[in-house]
Structures are given as C-alpha cells and as structure tokens.
Amino acid sequence: MNAIPYFDAHCDTISRCARDGRSLRGNEGHLDLQRLSEFGKAAQFFAIFHHLSRAPADGMFAVCRRQRDIFARELEENADLAVQCRTAAEVRSANDGGRVAAILSCEGAELLNCDPEKLDWARDVGIRAVNLTWNHANFFCGSHQSEQDRGLNDLGRAFVERAQAYGILIDVSHCSDAAFWDLIRITHAPVIATHSNARSVCAHTRNLTDDMIRAVVDTGGFVGLNLYAEFVSEGESASLDDLMRHLDRFLSLGAAKHVGLGCDLDGCSTLAGGLRGVQDMPLLWDALRRHGFDEALCEDIFYNNLLRVLG
C-alpha cells in the first residue's frame, strides 16, 4: 500500500462514529485513519450525514454541528495521523508531512436547513462540498427516488450561487435528474458527483447518464466511482470487471481527467469484487493495471483528478 496514492471523494465514517461510538483512528468498519495512513499519500472526504426521517427534536442543523464537532475532536486526538484540509495545497502539505488529509463534506442540504445563510458556518468550519439532497426530496429539489421530476427551486439556486461564491462544491449524487440539469444550467464552477457510476452500464437511478457525465466533464468537474455492488451491476454480484466497465465508459466520454474514487465506504453493505474496505484498494489498483491502464492514468484516478477539482 505504501507505494499507492489514495484520494476518495465520499465515505460515511463520521456518521458511523456518531451513531456507533466508533473511533476514527481504528475500527471494524470499512475505513479508519490507521489504514489510510498506510498509503503512500492519502486524502479522504468525510461526509456529515443523517437521515431526514430520523431528525431529532433540535433539528438537522444541530446534528450537523455535532458531527462536525466529532470530526474535529477525532482529528485533534489523532493529530499524529491526520489533519483537516481545505485546499489542494493543504492536502499536499499534509501528505508531504506523512499525514492523512481529511476534508469535510455535507451529504444533504437539509443538514444546513436548506438555508443559504448556513453556508457561512459551513465555510468557516471547512466544509468543501454539499450534496443538494440525499435519497429523499428536500425543500430545494427532488431526489433520484423521491419527487424525481422536481428540479431546483429559487432558494436552491440561491444556495448554489452562494456556495460556489464560497468555493464550496455542489455534489449531484442522489439528486433528481431534473435538479441535475437545473444546476448545470446555472453553475459557474465545477460540478461533482462524489459517488455515482454510469447508468448505461448499470441502470440504477443513482448513476449518471452518458449526457450527465459529459456535462460534469464540461464544467471541469469530477465523478467518483462507487463500489456499492447495487450501483455497479444489475446481476446477483458485482465483480472488479464490472467496475472496469464503468471506468471504460467514463473514459469513452472524455472523463480521463475527471474520474476518480468515490467508494461510499461505511455507507453501504456489499462492495464490488469482494473488497472488504480501504485496505483492499491495492486490489483495485492492480485490476486497473491488468486492465491496461498505465501508471499515470491510475494515479489520476486514485489521486490527481480529485486533487485538481478541490483546488
């Protein structure tokens, strides 16, 4: 592992820490800081997440603040292994110093009460990406499985404008197709889909159509390969070869500099190819090499492309 770079756009480990009392340093889930630190250089987006239907009495923004505090406390307690980063330059500095670069994101604008003014707080605590929504519709827009025909409303557009002015990336994984295209029409910054695959390979609504992939590429954005088996193959199991089919599709659509990892670790059950967690990512690297990808392309997919869009 120590020869392989690793930069992943999405995991749910922080919400698992909040829910189950896990340690970010070491745990039995898909990912922890000890395993990340074994890579030659490593960076990870950590998503704040909570299901809207289980919102506590004090609301979703309170959940968001508590999970951010857990993230900050875990990094303070494990400063020998990791440090929070906001920019590509900070990621490089952390990695050059032998530490994991930890970047904060927010999976669902409902965690910010769908309130553009809450973006001031998000910017101040270092949140660098926000999903428009999760599997449920929210005030801004529909999702891929709820109110699928509902696009982005006026307040959602104001949220996007403010987020992009603050350098916060808008993440379209989970949103409705209508909201995706509304965003593409107004964006002034790269659009990202942190953990979505190719719908032409696996016809799941969580995946992107070919036209969507082209549109993300045209914004200078990024798509993260999702390892969740249900989004990889429509069959009974999902193999590493199935993952290669998604990567081949991305590359055929001009995404060689725009595709990377969005593994969805700790956010799903079964991973493709029998992978068990972040410790098995060298197996995916080897699969890419056997598939004919040269080392430069592998490094782009595993690290460079996401670093570029982080800016």
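Our subject in this report is the structure included herewith. Remember, predicted model here, so these are calculated numbers, not experimental data.

So, unusual backbone geometry
Phi is positive for Asn-113, close to 60 degrees, though the residue is something other than glycine. Secondary-structure assignment places Asn-113 in the loop between β4 (100-106) and α5 (119-125). On the basis of relative accessible area, Asn-113 is assigned to the partly exposed category, the value being 42%.

What about the layout of surface pockets?
Here the largest pocket defines a volume of roughly 610 Å³. Forming the boundary of the largest pocket are 30 residues, of which Ser-15, Arg-19, Phe-49, Arg-54 and Trp-134 lie nearest the centre. For the lining of the largest pocket, the secondary structure elements donating two or more residues are α1 (13-20), α3 (60-77) and α9 (229-232). Residues belonging to the lining of the largest pocket are distributed by class as follows: 8 nonpolar, 12 polar and 10 charged.

Here we look at empty space enclosed by the protein
Inspection of the entire model under this criterion finds 2 cavities of 30 Å³ or more. When its volume is computed, the largest cavity comes out at roughly 60 Å³. As for the largest cavity, its lining consists of 14 residues, of which Val-172, Cys-175, Asp-177, Thr-205 and Leu-208 are closest to the centre. Among the residues making up the lining of the largest cavity, the classes are represented as 5 nonpolar, 6 polar and 3 charged. Looking at the second largest cavity, its volume works out to about 40 Å³. Every residue along the wall of the second largest cavity is listed here: Ala-9, His-10, Phe-45, Ala-47, Ser-105, Glu-107, Ala-129, Asn-131, Asp-171 and Thr-194. Taken together, the elements giving at least two residues each to the lining of the second largest cavity come down to β2 (41-48) and β5 (127-131). Partitioned by chemical class, the residues of the lining of the second largest cavity number 4 nonpolar, 4 polar and 2 charged.

What about the nonpolar core?
With 93 residues, the main nonpolar core has Tyr-6, Phe-46, Met-281, Leu-284 and Phe-302 as its most contacted residues. For Met-281, the residues in contact, after removing those within four places along its chain, are Tyr-6, Phe-39, Leu-227, Cys-263, Leu-275 and Phe-302. Ranked by size, the runner-up nonpolar core spans 19 residues in total, among them Ala-43, Phe-45, Ala-101 and Val-309.

Points about the pairing of β2
Among the 8 residues of β2, 7 are classified as buried, and the element is accordingly described as predominantly covered. Sheet topology places strand β1 (residues 5-8) next to β2; 4 bridges connect them, and they run parallel. Bridge assignment links Pro-5 to a residue of β2, and that residue is Lys-41. In this structure, β2 lies alongside β4, joined through 6 bridges in parallel fashion. Paired with Ala-43 across the bridge in β4 is Ala-101.

Looking at α1
Along α1, the residues that are buried comprise Thr-13, Ile-14, Ser-15, Arg-16 and Cys-17. In this fold, the buried residues of α1 make contact with β2 and α3. Residue Gly-21 follows α1 closely and has a positive phi angle near 70 degrees.

Things to note about the packing of aromatic side chains
According to the stated counting rule, one finds 10 aromatic pairs in the structure shown. With a centroid separation of 4.8 Å and an interplanar angle of 20 degrees, the aromatic rings of Tyr-6 and Phe-39 are classed as stacked. A residue pair is termed long-range when its members are at least 10 positions apart, and Tyr-6 in strand β1 and Phe-39 in the loop between α2 (33-36) and β2 qualify at 33 residues. The pair formed by Tyr-6 and Phe-39 is uniform in burial state, with each residue classed as buried. With a centroid separation of 4.8 Å and 55 degrees between ring planes, the pair formed by Phe-49 and Trp-134 is classed as tilted. Of this pair, Phe-49 sits in the loop between β2 and α3 while Trp-134 sits in the loop between β5 and α6 (154-165); the two residues are 85 residues apart in sequence, bridging distant segments of the chain. Here Phe-49 matches Trp-134 in class, with each residue buried. Connected via pairs of aromatic rings, a cluster forms that spans Phe-7, Phe-45 and Tyr-303. A cation sits over an aromatic face here: Lys-41 above Tyr-303, 4.4 Å from the ring centre.

Focus on the side chain of His-144
Summarising the element assignment, His-144 is placed in the loop between β5 and α6. For His-144, the side chain forms a polar contact with the side chain of Thr-205, separated by 2.8 Å. Leaving out residues up to four positions away in the same chain, His-144 has contacts with Asn-135, His-174, Cys-175, Ser-176, His-204, Thr-205 and Arg-206.

The rules we used
- Residues numbered from 1 in each chain as written.
- Predicted model: local features only at pLDDT ≥ 70, side-chain atom pairs only at ≥ 80, totals over all residues.
- Heavy atoms only, no water.
- Helix = DSSP H or I, 4+ residues; strand = E, 2+ residues; numbered from the N terminus.
- Buried < 20%, exposed > 50% of the residue type's maximum accessible area, 1.4 Å probe, protein only.
- 1 Å grid on protein atoms, 1.4 Å probe; cavity = no way out; pocket = protein on both sides within 12 Å on 5 of 7 lines; lining within 4 Å.
- Points joined across faces, edges and corners; volume = space filled by probe spheres on them.
- Nonpolar A, V, L, I, M, F, W, Y, C, P; charged D, E, K, R; others polar.
- Core = buried A, V, L, I, M, F, W, Y, C linked by side-chain atoms within 4.5 Å.
- Contact = heavy atoms within 4.5 Å.
- Pairing = 2+ DSSP bridges.
- Phe/Tyr/Trp six-rings, centres within 6.5 Å; stacked < 30°, edge-to-face > 60°.
- Lys NZ or Arg CZ within 6 Å of the ring centre and 35° of its normal.
- Polar contact = N/O pair within 3.5 Å; in protein donor to acceptor, adjacent residues only side chain to side chain.

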